[in-house]
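# Per-entry structural report
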Amino acid sequence: MTAQEVRLCGLLLREHFGEVVEKVGRHLIRSGAQNLRTLLHETGISIDLVKKSLCVLVQHGVCVFSSGRKGPGSPTEYRTSCDRILRILRYPRYIYTAKTLYGDTGELIIEELLQRGDMTMSSTVKTVADRLTQNMEEGRSMDYSEVSSAFSKLVETHFLQRCPPMAAAATKNGAASATPATPATPGTPSFPDCYRVPHVTLIGKGKRRLSNEDGEDQRSAKRAKIDSETHGDEGIYWQVNFERFHLHFRDQAIISAVANKLDQTSSEIVRTMLRMSEVTTSPTATCTKPLSANEIFRSLPSSYNIARPILDQYLTLLVDDPMEFVGKAGESGGGMYVVNLHRALANLARATLESVVQERFGSRSARIFRLLLRKRHLEQKQVEDFAMIPAKEAKDMLYTLLSQNLVQLQEIPKTPDYAPSRTFYLYTVNQLPTARMLLQNCYKTVANLIERRLFESKESKRLLEKSQRIEAILASLQASGAEPEQLTEVEEMITAPEKQQLESLRLHINKLDSAENQVDETIFLLESYINSTVTS
Amino acid sequence: MADVKVKKETNLSEPAEVENRIKELCQQFPHGITDQVIQNDMPHLEPQQRAMAINKLLSLGQLDLLRNSSGLLYRMKDIQSTSKMKGSDNQEKLVYQIIEDAGNKGIWSRDIRFKSNLPLTEINKILKSLESKKLIKAVKSVAASKKKVYMLYNLQPDRSVTGGAWYSDQDFESEFVEVLNQQCFKFLQSKAEAARDSKQSPMVQRNSSFATSHEVWKYICELGISKVDLSMDDIETILNTLIYDGKVEMTVIAAKEGTVGSVDGQMKLYRGVNPVIQPTGLVRTPCGLCPVTHTHTHTHTHTHTHCVRGCPCLTSCFLSSGV
C-alpha cells in the first residue's frame, strides 16, 4: 500500500462509486482490517451511508468480511486490498478481450458482470438479451438460449466463476472455523463447484425497450422485480475470474513478442502450445507442461499446413533463440517442448525497462543500461570502453541514471577505511527493484491522468450540462415530430465556439482515456513479472 | 717479450695503463667482463687499484656497469651514446637510463623519482634539459589527460597510451565510431532481410542471415571509410556496441582451426534482430517522460507549480497534435 497506490485507488473508487465509498474504501486500505464501530468513529460518516458503502464494496468483491480477531463472538471485520481496486483500471481490457473471443454477447455479459459485481446466471442472461435486442433491427430479438450458451462457454474456459459461498450464517453459530471457504483475501477460491454451470430453465427472448414506453417500462421493471420467476439457480452468483483474463493477457504478450522477434509462423506455434496448456498449467507455474512435437503438429490450425520437418526446424529455432521463450524438456515423442513462462516474463519486463530508459534518456544511455544489465558489475572506465562513448558524456549519462535510481553503485573497498581513492566503485542494475520502482511510477502516471481528466470535465461542466440539455430537447422534439426549423433553432442554441470547445474537450478526454489504457498495459507486464518472482 | 714486459711494468705503475687494459678486455668480450676475468688477466693487480681503475672508467662514461646472476659485469659503452651524453652529468644519465628501460610504454615522472631517489626539483630540471636536447619526449596519456609519460624520442608510443584506433590526438572519435556502427548494422540488416526474402526453410534462413566477424571486417575494409587500419578485434568491439543497442545478437560456434577468421577454434556470428516489444505504454504518455515527475506532490490544500492541472507537458501534448 504505497502512497501512489492509495491515491490511485481513491481516484478509481471516486470515479466508479462516488465520494462516500471513496472515503470508506480509502480508510479501509490505510488501516487494514476494521470493524464497523471503528470505521464509523474514524470516518465520521453516518451509519446508514457506511453500511451502504460496505455493501457496495462487498458486492463488487472489493471488501471481504471475516470474524473478528478476538474470536468467533467478536464483531466482524472488514478488509480490502489495493490489488482488487486496481483491477478496475483494467475493466476496458477485459471487456475488449471478451468481445474478440466471444463476440458481442460475450462482451455484454462481461460488461454486465463487471458493473454489477456479481449476478445470477438467469438475471445476467435476461439483461444481456434485452440489451442486445435493443440494438437489433425491428422485429428481431435475441433468444435466451444463445446468451446462455455464450455464458456457458465463458464458464467452460474459466473466464467466469462462481462466487464463493458466504459463510456469514455460520459465524453466528460460532462454527466459523469449520468453513474453510471463507477467504481471508478476495482471492481465487477453488472449491469444487467453481465452474459448474447450474441447470437453469431459461426460455424466452429479449424484450425490446421502446422509447414511448418509458413510463410503462419503469413500472414493468418494478414488476419484474416483484414477480421474480425462479429459474433454479437462486443463490448461485457469478463473478468475473480476473486471474484467467490475466493468464490470457500474459499469453498474448508472449505471442506478440515472439511474432516481433521471429516471425508469424513461430508465434502461431507458440500460440498453439499455450492454448493446449491453458487448463493444465497452474497460474503460478514456471513453465507449461511438456508437449511433444507430435501433439503440437496435430493441434496446429489447419490454415498453417507446414510439413513436419519444417515444424521441427521452427521448434529448434525457438529453442535456440537467446530469449529462451521455448525450452526442450526431453526427446520422447519427437521432442518435448515447454514454454518458459517466467523467463519470458522476465525478458519482457527487461525490454520494458530498456524501452523506458531509451525514451527518457536517449539511445546512448539505453546502450549503457543494456550493457550494465548484461555484464552485471562494471567500473566507470570499463563502461566507457565497452559502450564506445567518450568519457565525459559517459560519465554524465551514468550520473543521470544514478540520480534517477535506475542504476546502483556498489562499493568494494580495498582498505577497511573505505577511502575513496582506494575503493572500487562498480555500477550495476538490479532488475527487480527497478521494476518495482517503475511500477510505482506507472501508478502515479495513471493517477495524474485520471485527475487531469476529472479536472478537464469539471472545468467544462457548465458547457457539458448545457449540451446534454440541448440533446435531450432535440431528442424529444424529434420523437414528437417537430419541423426542421424548430430543430435547427434548438441546435443553434449552442454557438460555434462552444461546439469547438466541446469537440476539443471530447478529444482530450478520449486521449487521456486511451493513455490510461496504454499505461495499464505496462502495469500489467510489470505486475506479472514481480508476482512471478515472488512465488518462485 | 718486450711488449709484455713493458705492459707488465706499465700495468704495475700507471692506473691509465690498467684502464686501457680493461678497455681492451672489454672489447675482446663484447658481452661484458666480470671481475674474475680482469683478475685472471692481471693477477698481480691489487683489488684497490682495480676498483679505482674501474671507477674511473665508469665515471668517464666509457664502461657500463651491469649486474647478472653471477655478479657484476663491465661492458664497453657505445661510442655514439657516450658522445650523446657528453656534457651531461651522472644524474641525467641515470634518468635517461630509467626512461630507456621503460620502453615504449613511457614512464611517469613520479616513477622516475622513485627509481632514482632524486628530489623532484632535480628531476624536473633534468627532464627539461633532456627534452631540449631532444633525447626524450613527453606523450599525453589517453587514460588520464593530465598525466604525461616520458619516453625516448624516436619510439612509437604504445597502443594503451594513445588509445588505439579510436583515438586521434587524444580525442575520442565518436563520429567515426557512429559511422562504423551504422555501416555494420546496415550490412547485417540487409543480410537478414535477404535471408528472410529468400523464403527457404527457416533453418536455412536463419543460418544465411548470420555473418561472421571476419565477413564484417572485410566489408568494412572494402568500404574504405576508415583512414586507420582496423583489426578484427576493433570490428568486434563495434559489433559489441550494436549488441548493447539491442539491434544485433551474437552466437559463438566451434570452427576448425584454419578456417578463415577463426580465433582459437571459435567463430563469432552476428545477426540483425528486431526488438521484442514496441515502446511501452508508460512512455507514450507525457508523465512517463517527465523529468520532474518526482516533484509532483498533490496535496489538496495548495496548488504546486508543477501540479497536474497546470502541467505544461500534458497541455501541450493535447494542443499540438490533432488526433
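Thresholds applied
Residues numbered from 1 in each chain as written. Chains lettered and ligands numbered in written order. Predicted model: local features only at pLDDT ≥ 70, side-chain atom pairs only at ≥ 80, totals over all residues. Heavy atoms only, no water. UniProt positions renumbered as here; feature names shortened; annotations may be inferred. Pairing = 2+ DSSP bridges. Helix = DSSP H or I, 4+ residues; strand = E, 2+ residues; numbered from the N terminus. Salt bridge = Lys/Arg side-chain N within 4 Å of Asp/Glu carboxyl O. Buried < 20%, exposed > 50% of the residue type's maximum accessible area, 1.4 Å probe, protein only. Phe/Tyr/Trp six-rings, centres within 6.5 Å; stacked < 30°, edge-to-face > 60°. Contact = heavy atoms within 4.5 Å. Buried area = accessible area lost by both parts, 1.4 Å probe. Patch = residues over 30% accessible without salt bridge, like charges linked within 9 Å, V, L, I, M, F, W, Y side chains within 5 Å. Areas by Shrake-Rupley, 256 points an atom, 1.4 Å probe, with all protein chains shown as cover. Expected span 1.5 Å × (residues − 1). Core = buried A, V, L, I, M, F, W, Y, C linked by side-chain atoms within 4.5 Å. Axes fitted to C-alpha atoms, helices over the stretch in contact; angles between N-to-C directions. Polar contact = N/O pair within 3.5 Å; in protein donor to acceptor, adjacent residues only side chain to side chain. Domains from an automatic or database assignment. Nonpolar A, V, L, I, M, F, W, Y, C, P; charged D, E, K, R; others polar.

As annotated in an unreviewed UniProt entry, chain B carries the name DNA-directed RNA polymerase III subunit RPC6 and comes from Sparus aurata. Taken verbatim from the UniProt record of chain B, the Subcellular location (unreviewed entry) comment is "Nucleus". The UniProt entry for chain B carries this comment under Sequence similarities (unreviewed entry): "Belongs to the eukaryotic RPC34/RPC39 RNA polymerase subunit family."

The name recorded for chain A in an unreviewed UniProt entry is DNA-directed RNA polymerase III subunit RPC3, from Sparus aurata. As stated in UniProt under Sequence similarities (unreviewed entry), the record for chain A gives "Belongs to the eukaryotic RPC3/POLR3C RNA polymerase subunit family."

## Structural notes on the pairing of strand β6 (residues 237-240) of chain A
Two faces, one strand: in a regular strand the side chains alternate between the faces of the sheet. Residue and element names in this part refer to chain A. In the sheet, strand β4 (residues 119-120) pairs with β6 via two bridges, with the strands oriented antiparallel. Across the sheet, residue Met119 finds its bridge partner in β6, namely Trp238. One ladder, built from three bridges, connects strand β5 (residues 160-162) with β6; its direction is antiparallel. Looking across to β6, one finds that Leu160 is bridged to Val240.

## A look at the UniProt feature "domain: DNA-directed RNA polymerase III subunit RPC3 winged-helix" (unreviewed entry) in chain A
Taking the numbering used here, the UniProt-annotated feature "domain: DNA-directed RNA polymerase III subunit RPC3 winged-helix" (unreviewed entry) corresponds to residues 353-429 of chain A. Across residues 353-429 of chain A, helical content stands at 56% and strand content at 18%; the span's end C-alpha atoms are separated by 11 Å.

## So, the pattern of salt bridges
Residues and elements named next belong to chain A. Following the criterion strictly, the structure yields 36 salt bridges over all chains and no others. Notably, a salt bridge pairs Arg452 with Glu456, separated by 3.3 Å at the nearest N-O pair. On the criterion of helical spacing, the pair formed by Arg452 and Glu456 is a turn pair, its members being four residues apart in helix α19 (residues 431-459). Each member of the pair, Arg452 as well as Glu456, is classed as buried. Among the charged side chains, a network of salt bridges with common partners joins Glu15, Arg453, Asp513 and Glu516.

## Thoughts on the UniProt feature "domain: RNA polymerase III subunit RPC82-related helix-turn-helix" (unreviewed entry) in chain A
Listed under "domain: RNA polymerase III subunit RPC82-related helix-turn-helix" (unreviewed entry) in the UniProt record, and renumbered for this structure, are residues 8-66 of chain A. The span residues 8-66 of chain A carries 75% helix and 10% strand; its end-to-end C-alpha distance comes to 26 Å.

## A few points about unusual backbone geometry
Glycine aside, a negative phi is what most residues show, and trans is what most peptide bonds show. Residue and element names in this part refer to chain A. Of note, Arg376 is a non-glycine position whose phi angle comes to about 65°, a positive value. Mapped onto the secondary structure, Arg376 falls in the loop between α16 (363-375) and β10 (378-379). Accessibility expressed as a relative area gives 57% for Arg376, which makes it exposed. Phi at Met388 takes a positive value of approximately 55°, unusual for a residue other than glycine. Relative to the helices and strands, Met388 is located in the loop between α17 (380-387) and α18 (391-403).

## Focus: the packing of aromatic side chains
Residue and element names in this part refer to chain A. The tally for this structure, following the rule as stated, stands at 12 aromatic pairs over all chains. An angle of 35° between the planes, with centres 5.2 Å apart, marks the rings of Tyr94 and Phe242 as tilted. With Tyr94 in helix α6 (residues 91-116) and Phe242 in helix α11 (residues 242-261), the pair connects residues that are 148 residues apart, well separated along the chain. The class for Tyr94 is buried, based on a relative accessible area of 0%. On the numbers, 5.6 Å between centres and 90° between planes, the contact of Phe249 with Phe524 is edge-to-face. Here Phe249, found in helix α11, pairs with Phe524, found in helix α22 (residues 496-535); they are 275 residues apart in sequence, far enough to count as distant.

## Focus: the interface of chain B and chain A
Taken together, the 48 residues of chain B in the interface contact 49 residues of chain A. Both faces considered, chain B and chain A share a buried interface measuring about 4,700 Å² in area, 61% of it formed by carbon and sulfur atoms. Linking chain B to chain A there are three salt bridges. B:Glu178 is the salt-bridge partner of A:Arg367, the closest N and O atoms lying 3.7 Å from each other.

## Brief notes about a nonpolar patch on the surface
Residues and elements named next belong to chain B. A cluster of nonpolar side chains, contributed by Val179, Leu223 and Ile225, occupies part of the molecular surface with about 210 Å² of accessible area. Along the chain, Ile225 turns up in the loop between α12 (213-223) and α13 (232-244). For Ile225, a relative accessible area of 34% corresponds to the partly exposed category.

## Some words on helix α12 (residues 264-276) of chain A
Across its 13 residues, α12(A) extends 18 Å between first and last C-alpha, which sits within 8% of the 18 Å expected from 1.5 Å per residue. Buried within α12(A) we find A:Thr265, A:Ser266, A:Ser267, A:Glu268, A:Ile269, A:Val270, A:Thr272, A:Met273 and A:Leu274.

## Structural notes on the nonpolar core
All names here are of chain A. Formed by 94 residues in total, the largest nonpolar core has its most connected members in Ile109, Leu160 and Leu372. Contacts of Leu160, omitting those with residues within four sequence positions, involve Ile109, Ile110, Leu113, Phe151, Leu154, Val155, Tyr195, Trp238, Gln239, Val240 and Asn241. Membership of the second largest hydrophobic core comes to 30 residues, among which are Leu311, Tyr314, Leu318 and Leu341.

## Structural notes on the sheet that holds strand β11 (residues 408-413) of chain A
All names here are of chain A. Read from one edge to the other, the open sheet built from three strands follows the order β10-β12-β11, with strand pairing classed as antiparallel. What marks the edges here is a single partner per strand, and that holds for β10 and β11. Of the strand pairs in this sheet, β11 and strand β12 (residues 423-428) are connected by six bridges, and their pairing is antiparallel. When the bridges of β12 are listed, Leu409 appears paired with Tyr427.

## Quick notes on the sheet that holds strand β5 (residues 136-140) of chain B
All names here are of chain B. Pairing is antiparallel in the open sheet, where three strands are placed in the order β4-β6-β5. Only two strands of the sheet have a single neighbouring strand rather than two, namely β4 (107-108) and β5. Of the strand pairs in this sheet, β5 and strand β6 (residues 148-152) are connected by five bridges, and their pairing is antiparallel. In the strand pairing of β6, Ile136 is matched with Leu152. Set on the sheet, helix α8 (residues 120-132) makes contact with β5 and β6; between it and β5 the angle comes to about 105°.

## With respect to the side chain of A:Ser266
All names here are of chain A. Among the secondary structure elements, Ser266 is positioned in helix α12. The buried category is assigned to Ser266, whose relative accessible area is 4%. Within the structure, Ser266 has its side chain in polar contact with the side chain of Asp263 (distance 2.7 Å). If sequence neighbours within four positions are ignored, Ser266 has contacts with Val258, Tyr314 and Leu318.

## Looking at the domain arrangement of chain A
All names here are of chain A. Assigned domains within chain A: domain 1 (3-80), domain 2 (87-240), domain 3 (244-339), domain 4 (344-429) and domain 5 (434-535). Residue-level contacts link five residues of domain 2 with eight residues of domain 5. With both sides pooled, the region where domain 2 packs onto domain 5 buries about 590 Å², and carbon together with sulfur makes up 47% of that total. The largest per-residue losses of area from domain 2 upon contact with domain 5 belong to Leu89, Arg90 and Arg93, which jointly make up 86% of the total buried on that side. For the interface between domain 2 and domain 5, the tally reads three salt bridges. Its salt-bridge partner being Asp520, residue Arg90 comes within 3.3 Å of it at the nearest N-O pair. When its residues are assigned to classes, the side of domain 2 that touches domain 5 shows two nonpolar, no polar and three charged.

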